[in-house]
Amino acid sequence: PSGLTAVDLRGEALAYAVRQTLVRATIGPGDVGHVNLHGTATRTNDLCEAAALRTALGSDLDRVPCVALK
């Protein structure tokens with residue numbers, strides 16, 4: 001479950017959104033050169049975001065610079 005007060009701890013919804021974005025852009029995880037994170041700096045949200053990106057990008061995430069501009 002996710003929403004305004006519940007967090008999808010496994011990041012499944014966000015991972016789905018990232019994968020669909022890649023499909024619509026006709027690129028794969030290996031084509032991603034940068035990720036601008038939401039980066040709320042809360043343990044729960046940051047873990048969710050990290051899990052989602054790992055699911056969506058797999059091992060390609062290891063080489064992608066990820067930053068949160070605040």
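Sequence positions are assigned chain by chain, starting from 1 and proceeding in written order. With pLDDT at 70 or above as the cut-off, local features in this predicted model cover only qualifying residues; side-chain atom pairs require 80 or more to be listed or tallied, and sums for whole chains, interfaces and linings still use all residues. Heavy atoms throughout the structure, all of them, feed into the side-chain values; hydrogens and water do not.

Some remarks on the layout of surface pockets
- In this analysis the probe radius is 1.4 Å and the grid spacing 1 Å, with only protein atoms considered; a cavity is a set of points the probe fits into but cannot get out of, a pocket is an open set with protein on both sides within 12 Å along at least five of seven lines, and lining residues have an atom within 4 Å of a point. Grid points are joined across faces, edges and corners, and a volume is the space filled by probe spheres set on the points. Taken as a whole, the largest pocket holds about 380 Å³ of empty space.
- What lines the largest pocket is a set of 23 residues, among which Leu-14, His-38, Asn-45, Cys-48 and Glu-49 lie closest to the centre.
- Contributing elements (two or more residues each) for the lining of the largest pocket: α1 (12-24), β1 (35-36) and α2 (43-57).
- Per element, the largest residue contribution to the lining of the largest pocket is 6 residues, and it comes from α2.
- As a working rule, the residues Ala, Val, Leu, Ile, Met, Phe, Trp, Tyr, Cys and Pro are called nonpolar, Asp, Glu, Lys and Arg charged, and the rest polar, with Gly in that last group. Across the lining of the largest pocket, the residue classes break down as 11 nonpolar, 9 polar and 3 charged. Here a helix means four or more residues in a row that DSSP labels H or I, a strand means two or more in a row labelled E, and each is numbered from the N terminus.

Here's the deal with the nonpolar core
- By size, the foremost hydrophobic cluster in this structure holds 11 residues: Ala-15, Val-18, Leu-22, Val-32, Val-35, Ala-52, Leu-53, Ala-56, Leu-57, Leu-61 and Val-64.
- Breaking this core down by element, the ones donating at least two residues are α1 and α2.
- Any pair of residues with heavy atoms lying within 4.5 Å of one another is described as a contacting pair. Beyond its immediate stretch of four places on either side in the chain, Val-32 contacts Leu-22, Leu-57, Arg-63 and Val-64. Here, the term nonpolar core denotes a set of buried Ala, Val, Leu, Ile, Met, Phe, Trp, Tyr and Cys residues that are joined through side-chain atoms within 4.5 Å. Think of it in three bands: residues with accessible area under 20% of the maximum for their type are buried, residues over 50% are exposed, and the middle band is partly exposed, with areas taken using a 1.4 Å probe on protein chains only.

Concerning α2
- A helix is expected to span 1.5 Å multiplied by its residue count minus one. Taking 1.5 Å per residue, 15 residues should reach 21 Å; α2 reaches 21 Å between its end C-alpha atoms and fits that length.
- Looking at α2, one finds that the buried residues are Cys-48, Glu-49, Ala-52, Leu-53, Ala-56 and Leu-57. Taken down its axis, α2 places every buried residue within 135° of arc, on the same side.
- Those residues of α2 that are buried are in contact with α1 and β1.
- Just beyond α2, the residue with positive phi is Gly-58, at close to 60°. Here, the arc refers to the directions that run from the helix axis to the C-beta atoms.

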